[in-house]
Amino acid sequence: MFDSGGMHLWAIATAATVAAACALTGSFLVVRRMSLLGDAISHAVLPGIVLAVLAGGRPGGALVFAGAVAAALVAVGITHLLRTRAGLAEDAGAGVAFTTLFATGVVLVTAVASRIDLDPGCVLYGILELVPFDTVPVPLPGPGSVEVPRAFLTGAAVLAVLSLAVVLCWKELQFTAFDPDAARAAGMPVAAVSVGLLVATSLATVASFEAVGAILVVAMLVVPAAAAELLVRRFHVMVVLAITLGVSGSILGYLAAWRWNTNAAGMIAVVLGMEYLLAALLAPGDGVVARIVTRESLRWRVACEDGLALLWRAEESGVSPSQTPRSWFDQWTLLWLAFRGRVTLGEGGLLTPQGREEARVIVRSHRLWEAWLGRNVELPLDHLHPPAEWVEHHLGAAVRERIAAEVGGHDADPHGREIPPER
Amino acid sequence: MTSRPLSTADSVSTPSPPALEYHDVTVAYGRRPVLWNIDLVVASPSLFGIIGPNGAGKSTLLKAALGLVPLSGGEVRIFGRPLAEVRGRVGYVPQRESVDWDFPVNVLDVVLMGTYARLGWFRRPRAPERLLAMECLERVGLADVATRQIGRLSGGQQQRVFLARALAQRADLYFLDEPMAGVDARSQEGIFRVLSDLRDEGKLVIIVHHDLRSAAEWCDNVALVDMRLVATGPAAAVLTPANLRRTYAGRLDVLDEIGRAVEEGGRTP
C-alpha cells in the first residue's frame with residue numbers, strides 16, 4: 001500500500017501518460033480537421049467497452065480494447081453507409097451513428113451496472129482519484145515486486161505503441177494528412193493510415209477512460225493539439241508541443257484539484273482550456289496580443305510621421321506650427337519625436353536636420369501618390385488627399401522611384417505644390 | 001529513370017508502348033457517368049493540354065489515370081502497364097484548393113514529400129533528398145523561401161511549390177490539374193517554361209488548363225473534353241472555331257440527360 005504522497009504521484013503519472021497519448025493522436029485529428037471525430041469516437045466506444053466487460057473482460061484489459069476499437073469501427077462504418085446508401089451528409093451521419101451508439105452504451109451500463117464492475121459515473125467523468133487503489137504487482141529486476149496502478153500500465157502501453165507507430169510511419173502520416181490525393185497517387189497507403197488513426201483514437205480514448213471519462217477525454221484529444229497549432233509552424237514541433245501542453249496541463253490540473261478539493265478530470269480540462277486561451281492570446285503573428293501590438297505600433301508610427309509632415313508643411317508655408325491645435329495623443333508623439341532627436345520642443349516643435357530629412361520623404365510620398373492618382377485614376381482634385389494621407393506611410397524608396405519615373409517630368413502634385421526631392 | 005520497363009533488346013524489335021493510353025474509359029460518380037467512353041493515346045515526349053468547360057470531367061480524366069476514382073469501364077495503361085507497376089514514374093500536382101494551406105509545414109517539407117514514395121517504409125529523407133528538394137525549388141525559383149510556412153506564400157508560389165514536389169518525384173509522366181489557377185502572368189510563364197523543359201528532357205506532361213490562348217502557345221497537342229473526347233491533336237488543328245463551338249456552346253445535353261436517367265434508374269424523356 002502507498003502513503004498518500006505516493007498515491008498522488010501515481011494519479012498524476014497516470015493522467016500525464018494518457019494526456020500524452022491523447023495529445024499525440026489529437027495532433028493528427030486537428031491538422032486533418034477531424035477533431036469532431038475524436039469527440040465522436042470517444043463516445044461511440046462505450047457500448048463496445050460495456051459488452052466486453054459483460055463478456056468477462058477486465059477494465060483496461062485486451063478484451064475491452066478490442067471491444068472499443070470494434071465499436072469505433074462499427075460507428076465509422078455506419079456513418080459511411082449512411083452517407084453512401086442513405087445520402088446523409090457526413091456530419092449528420094456521424095451525429096446519428098455516434099450518439100446512438102453512445103446512448104446504447106449508457107443504457108447498457110445503467111441496466112447492468114449492478115452485475116458488472118463498471119460504474120456509470122466513472123465512465124462519463126472518470127475517477128482519477130481512485131486510480132492508485134487498483135494495482136497489479138510488477139516484478140522488479142531483483143527480488144520482490146512493486147504495486148503499480150493498472151490504469152497507468154494501460155496508458156503507458158498505449159503511449160508506447162502509438163509513439164512507436166508515429167516515429168516509424170512519420171512520412172506516411174504527414175503526407176496523407178497534408179495532401180491525401182497526392183499521397184494516394186504516389187502509392188501511400190492512405191486508407192490504411194485513416195483506419196490506423198481511427199484505431200489509435202480508440203486506443204487513446206479507452207486508455208483515458210478511467211482517468212478522465214468519455215466526456216472529458218475530448219479535451220485531452222483536441223485542446224492541447226489545437227493550442228500547439230496556434231503557436232508553431234512545423235508539424236513535428238507541433239506534436240511535441242501538444243504533448244508537452246497535455247502533460248503539463250494534467251499535472252497542473254491535478255494539483256489544482258487537490259488544492260481546492262474538486263474533481264481532478266474536470267480541473268485538468270479547465271487548465272487545458274486556459275492553456276488554449278493563453279496560446280490564442282500570445283500566439284506569434286496571429287495571436288490577439290500580437291495583432292493589437294501590430295495595429296497599435298502602426299498607429300503610433302503613422303501619428304509620428306503625420307506629426308513630422310505637419311511640421312514640414314508648416315515650414316514650407318511659413319506658418320508657425322504652434323497655432324495648430326494638438327490632441328493629447330499628438331502631444332505624446334511630439335514628446336517621443338523630441339526624445340528621438342527628430343524635433344526640438346518649443347514654438348510648437350521645430351524639425352532637426354534629421355527630422356526634416358524624414359519629413360521630406362513622407363511629404364514626397366504623399367505628393368507622388370497624389371500625382372500618380374491624378375494621372376491614372378479619374379478622381380476629382382479634392383478626393384486625392386485622403387488616399388495619399390493613408391498610402392504615404394507605406395511607400396518604400398523603390399516604389400517611390402518607379403512612381404516618380406512614371407509621373408516623370410512633373411515636379412508638382414495635382415494641387416500645384418512642389419514634390420520635394422528624394423535627397 | 002533508373003529502370004526502364006523494357007530492355008534495350010525489346011525496344012529494338014518492338015517500339016516502346018505509348019506513355020499514356022485510355023481505352024474506352026467511363027467514370028461515374030455514384031451511378032452518374034461524368035466521362036463517357038474516352039479513347040486517348042498520348043506518346044512521350046509532349047506537353048499535352050486537356051481543355052474543356054467547367055464540369056467537363058477534366059480533373060476526373062486525370063484522377064482516372066492516377067487511380068483516384070474507380071473506373072466504371074475501360075482501362076488506363078501507363079508505359080504499357082497498369083498504374084500499380086509504374087507508380088514511381090508518375091508525378092501528380094493536384095488542384096491548389098484541394099489542400100489546407102494553413103497546415104503546419106514549410107516549403108521544403110512539402111517538396112521533400114515528393115521523395116517519400118521512393119524512400120519506402122521507415123526511411124527518413126536525409127542529405128541527398130534535401131539536396132534534391134533544394135534543386136527542385138531552385139528550378140521553380142523558390143529557393144529563397146524554403147523555410148517559409150506555406151500559408152504565407154502567394155497563389156503562384158504555392159503552385160510552384162507543388163510543381164517542385166512533383167519534380168522531386170523524378171517522374172517520367174506528370175499530371176498537373178489546373179497548375180495556372182490563381183497564378184499571375186509572370187509565374188505562369190515560369191511554370192510553362194519548367195514544363196516545356198521537362199518535355200525537352202523526354203517526359204510527358206499532361207496539364208488540365210482553361211486558357212485557350214496560352215494552351216495554343218505552349219502545348220504541342222491538346223484534347224478537347226466535354227464528358228466525351230471532342231477532338232485531339234495539334235493545338236492549331238484542334239482549337240478551331242467549329243470544335244470550340246461543339247465543346248463550349250453546343251454542349252451535348254443528351255449526355256447530361258442520360259446520365260441523370262442512369263442515376264435515377266429512370267428513363268429519358
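Since this is a predicted model, take the numbers as computed values, not measurements.

Chemist: Explain the sheet that holds strand β2 (residues 32-42) of chain B to me, please; I cannot follow it from the model alone.
Modeler: Pairing between the strands of a sheet comes from backbone hydrogen bonds, and it takes one of two forms, parallel or antiparallel. All names here are of chain B. Within the open sheet, the three strands sit side by side as β2-β1-β4. Their pairing is antiparallel. Looking at strand neighbours, the two that pair on one side only are β2 and β4 (73-78), the edges of this open sheet. Pairwise comparison of adjacent strand axes, ignoring direction, gives a mean angle of 25° for this sheet. In the sheet, strand β1 (residues 20-29) pairs with β4 via five bridges, with the strands oriented antiparallel. Paired with Tyr-22 across the strands is Val-76, a residue of β4. Sheet strands touched by helix α2 (residues 58-66): β1, β2 and β4. Its angle to β2, the strand with the most contacts, is close to 70°.

Chemist: In this structure, what is going on with the confidence of the model for chain B? I would like to understand it.
Modeler: Residue and element names in this part refer to chain B. With 92% of its residues at a pLDDT of 70 or more, chain B has an overall mean of 88. The least confident element of chain B is helix α1 (residues 8-13), whose mean pLDDT is 46; the most confident is strand β6 (residues 173-177), at 96. Counting interchain partners and residues more than four positions distant, the pLDDT-below-50 stretch residues 1-12 has eight contacts. Reported for the predicted complex are a pTM of 0.84 and an ipTM of 0.87.

Chemist: Help me understand the pairing of strand β5 (residues 90-93) of chain B, please; the structure alone is not making it clear to me.
Modeler: One face of the sheet, then the other: side chains in a regular strand alternate in exactly this way. Residue and element names in this part refer to chain B. Every second residue of β5 is oriented toward a common face, with Val-90 and Tyr-92 on one face and Gly-91 and Val-93 on the other, all of them buried. Looking at chain direction, β5 and β6 are connected through four bridges and run parallel. Bridged to Val-93 within β6 is Leu-176.

Chemist: How do you make sense of the domain arrangement of chain A when you look at a structure like this?
Modeler: Quite often, the size of an interface is put as the accessible area lost when its parts meet. Segmenting chain A into domains produces domain 1 (4-283) and domain 2 (290-406). On a C-alpha basis, the centres of domain 1 of chain A and domain 2 of chain A stand 57 Å from each other.

Chemist: What exactly am I supposed to notice about helix α4 (residues 107-119) of chain B here?
Modeler: Along an α-helix, residues three or four positions apart point the same way, because every turn accommodates 3.6 residues. Taking 1.5 Å per residue, 13 residues should reach 18 Å; α4 of chain B reaches 19 Å between its end C-alpha atoms and fits that length. When the local axis directions of α4 of chain B are compared, the greatest deviation, roughly 35°, occurs at Met-113 of chain B. For α4 of chain B, the set of buried residues is Val-107, Leu-108, Asp-109, Val-110, Val-111, Leu-112, Met-113, Gly-114, Thr-115, Tyr-116 and Ala-117 of chain B. In this fold, the buried residues of α4 of chain B make contact with α7 (170-178) of chain A together with α5 (127-139) and α6 (155-168) of chain B. Gly-120 of chain B occupies a position one or two residues after α4 of chain B and carries a positive phi of about 80°.

Chemist: Teacher, can you tell me more about the pairing of β2 of chain B here?
Modeler: All names here are of chain B. Judged from the seven bridges that link them, β1 and β2 form a sheet pairing that is antiparallel. Bridge pairing in β2 links Glu-21 to Val-41. Taking the residues that link successive antiparallel strands as the turn, the β1-β2 hairpin has two residues, and the phi of Gly-30 there is positive, at about 65°.

Chemist: Is there a simple way to explain the environment of Leu-83 of chain B in this structure?
Modeler: Residues and elements named next belong to chain B. With respect to the helices and strands, Leu-83 occurs in helix α3 (residues 83-86). With 61 residues separating them in the primary sequence, Leu-83 and Tyr-22 have C-alpha atoms 12 Å apart. In contact with Leu-83, not counting residues within four places along its chain, are Gly-67, Val-76 and Ile-78.

Criteria and thresholds
Residues numbered from 1 in each chain as written. Chains lettered and ligands numbered in written order. Predicted model: local features only at pLDDT ≥ 70, side-chain atom pairs only at ≥ 80, totals over all residues. Pairing = 2+ DSSP bridges. Helix = DSSP H or I, 4+ residues; strand = E, 2+ residues; numbered from the N terminus. Axes fitted to C-alpha atoms, helices over the stretch in contact; angles between N-to-C directions. Contact = placed C-beta atoms within 7 Å. pLDDT = per-residue confidence, 0-100. Buried ≥ 20, exposed ≤ 12 C-beta atoms within 10 Å, placed from the backbone. Domains from an automatic or database assignment. Expected span 1.5 Å × (residues − 1). Bend = angle between axes of the 7 residues up to and from the residue.

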